[in-house]
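Residues per chain are reported as follows:
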Amino acid sequence: MHKFAHILRLGLKELTSLRHDSVLLLFLFYAFTVAIYMPAAGSVIGVHNASVAIVDEDHSALSRQLAQALQPPEFQTPVLLPYPQLDQVMDSGQYTFVINIPAGFQTDLLAARQPAIQVNVDATAMSQAFMGAGYIGRIFQRELQAYGGQSDAATQAPIQLTTRALFNTNLEGGWFLAVIQIVNNITILAIILTGTALLREREHGTLDHLLVLPLTALEIMLAKIWSNLLVVVLCTWLSLEVVVKGLLGVPLAGSMSLFLLVTAVYLFASTALGIFLATLARSTPQFGLLAIPVIIPMLLLSGGSTPLDSMPQWLQWVMQGSPSTHFVSLSAAILFRDAGLSVVWPDLLALTAIGLLFFLIALARFRKSLAS
């Protein structure tokens, strides 16, 4: 009972210390509010509100039909330009797409002369240029087939492909990005909070005071883990309820309690990793330098930014040893696909095993650093 009382009081001391650290509190608020909302609300994966200008040299019903086919929200209302201004507006970057419909286009099409439309693309707008050119090509192809009486060509194909999105019917990229931002911020905070807490005590001399007391390295380490775990889990829950579900309107289908349980297990592994890095560093700046090459691969190679299947096979095997890989998989399965414990238990078991391994390694290193 004395050991549990020691762990409880030490954890309360950590919470009190965090309460008086205004910089970390401000960072916590930013990480779970602004850093979640802004990327998710402002993310545009596809073509949206792209600027278009049309040089209509044909002045026919078909050219007007093609101009009217480019509609919001993918494209702005096309602006008609005279031909001499084509190069000028492209050089100035005023429009992402400038389409030139040559004179006699409709007549040549009806005469089966295979006329061409020139689509000028400002490739400096990389986020929309490539996909937007493909959009325009498919839209014009559909309109030309309909004009030529081939609108039923798709229905005459031997096989028809119908695509339906089950979990995100409108393919809103911000929904997935909001959850991934929370996962990334949990990783960053779990490592930084525990690492800086340990180094702060070492720099202020309070760690030496703890060593004089009848406390063990296990008690000190568990106190730091449970206190920081409680703070991050609480912030995660509030962020999901207020920012993700409330402000962004993301419908989370899965069990919130199961996700918070998985988050706690992941934090157990990540906070142990933060303590391990803090035992290697002698100051907070050194800890920051050590944390960067650890956190960045965990964020980029966990499957949230890049699908795990698209990586080399050896890298996939290496990332199976990272707790962030299993946490990303568990988060998507629980929150979006409503997966239960019977489905996610393999990843949860792997995450628990990795967490225990990290904890034992960090504990051994922490004991060694206290003895030296």
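A brief structural summary. In this text, all values refer to a predicted model and were calculated from it rather than measured experimentally. (Residues numbered from 1 in each chain as written. Predicted model: local features only at pLDDT ≥ 70, side-chain atom pairs only at ≥ 80, totals over all residues. Heavy atoms only, no water.)

1. Some details on the overall build of the chain
When its secondary structure is counted, the chain shows 15 helices and four strands. Taking all 372 residues of the chain together, 44% fall into the buried category. In the chain, the proportion of contacts linking residues at least 24 apart, taken out of those at least 6 apart, comes to 78%. Accessible surface for the chain amounts to roughly 19,900 Å². Of this, 64% is attributable to carbon and sulfur atoms. (Helix = DSSP H or I, 4+ residues; strand = E, 2+ residues; numbered from the N terminus. Buried < 20%, exposed > 50% of the residue type's maximum accessible area, 1.4 Å probe, protein only. Contact = heavy atoms within 4.5 Å. Areas by Shrake-Rupley, 256 points an atom, 1.4 Å probe, with all protein chains shown as cover.)

2. Description of unusual backbone geometry
Along the chain, proline 72 connects to proline 73 via a cis peptide bond; the corresponding omega equals 5°. For proline 73, the position within the fold is in the loop between helix 4 (61–69) and strand 2 (79–80). Despite not being glycine, alanine 112 shows a phi value in the positive range, around 60°. Here alanine 112 lies in the loop between helix 6 (105–110) and strand 4 (118–121). Using a relative accessible area of 64% as the deciding quantity, one classes alanine 112 as exposed. The backbone phi angle of aspartate 338 is positive, close to 55°, even though this residue is not glycine. Turning to its location among the elements, aspartate 338 is positioned in the loop between helix 14 (323–335) and helix 15 (341–371). The class of aspartate 338 is partly exposed, set by a relative accessible area of 46%.

3. Section: the environment of leucine 24
The residue leucine 24 is located in helix 2 (residues 22–32) in this model. In this structure the C-alpha to C-alpha distance between leucine 24 and threonine 196, which are 172 residues apart in sequence, comes to 9.8 Å. Among all residues touching leucine 24, those that are not within four sequence positions of it are Leu18, Leu193, Thr196 and Arg200.

4. Observations concerning the pairing of strand 1 (residues 52–56)
Burial runs high along strand 1: five of the five residues are buried. Burial along strand 1 is two-sided: the face carrying Val52, Ile54 and Asp56 and the face carrying Ala53 and Val55 are both buried. As paired strands, strand 1 and strand 3 (residues 97–101) are joined by five bridges and run parallel to one another. Bridging across to strand 3, aspartate 56 finds its partner in isoleucine 101. Note that strand 1 and strand 2 share two bridges and pair parallel. Bridging across to strand 2, alanine 53 finds its partner in valine 79. (Pairing = 2+ DSSP bridges.)

5. A word on the nonpolar core
If you look at the biggest cluster of nonpolar residues, it comprises 75 residues, and the most contacted ones within it are Leu28, Phe32, Ile186, Met221, Leu240, Val244 and Leu252. Per element, the largest residue contribution to this core is 14 residues, and it comes from helix 11 (residues 256–280). Counting 17 residues, the second-largest nonpolar core is a separate cluster that includes Leu62, Ala69, Ile99 and Phe105. (Core = buried A, V, L, I, M, F, W, Y, C linked by side-chain atoms within 4.5 Å.)

6. Things to note about a nonpolar patch on the surface
A contiguous nonpolar surface patch, about 580 Å² in accessible area, is contributed by Phe27, Tyr30, Val34, Tyr37, Met38 and Leu247. Mapped by element, the contributors of at least two residues to the nonpolar patch are helix 2 and helix 3 (34–42). Tallying contributions element by element places helix 3 first for the nonpolar patch, with three residues. Looking at where phenylalanine 27 falls in the secondary structure, it is placed in helix 2. Using a relative accessible area of 32% as the deciding quantity, one classes phenylalanine 27 as partly exposed. (Patch = residues over 30% accessible without salt bridge, like charges linked within 9 Å, V, L, I, M, F, W, Y side chains within 5 Å. Salt bridge = Lys/Arg side-chain N within 4 Å of Asp/Glu carboxyl O.)

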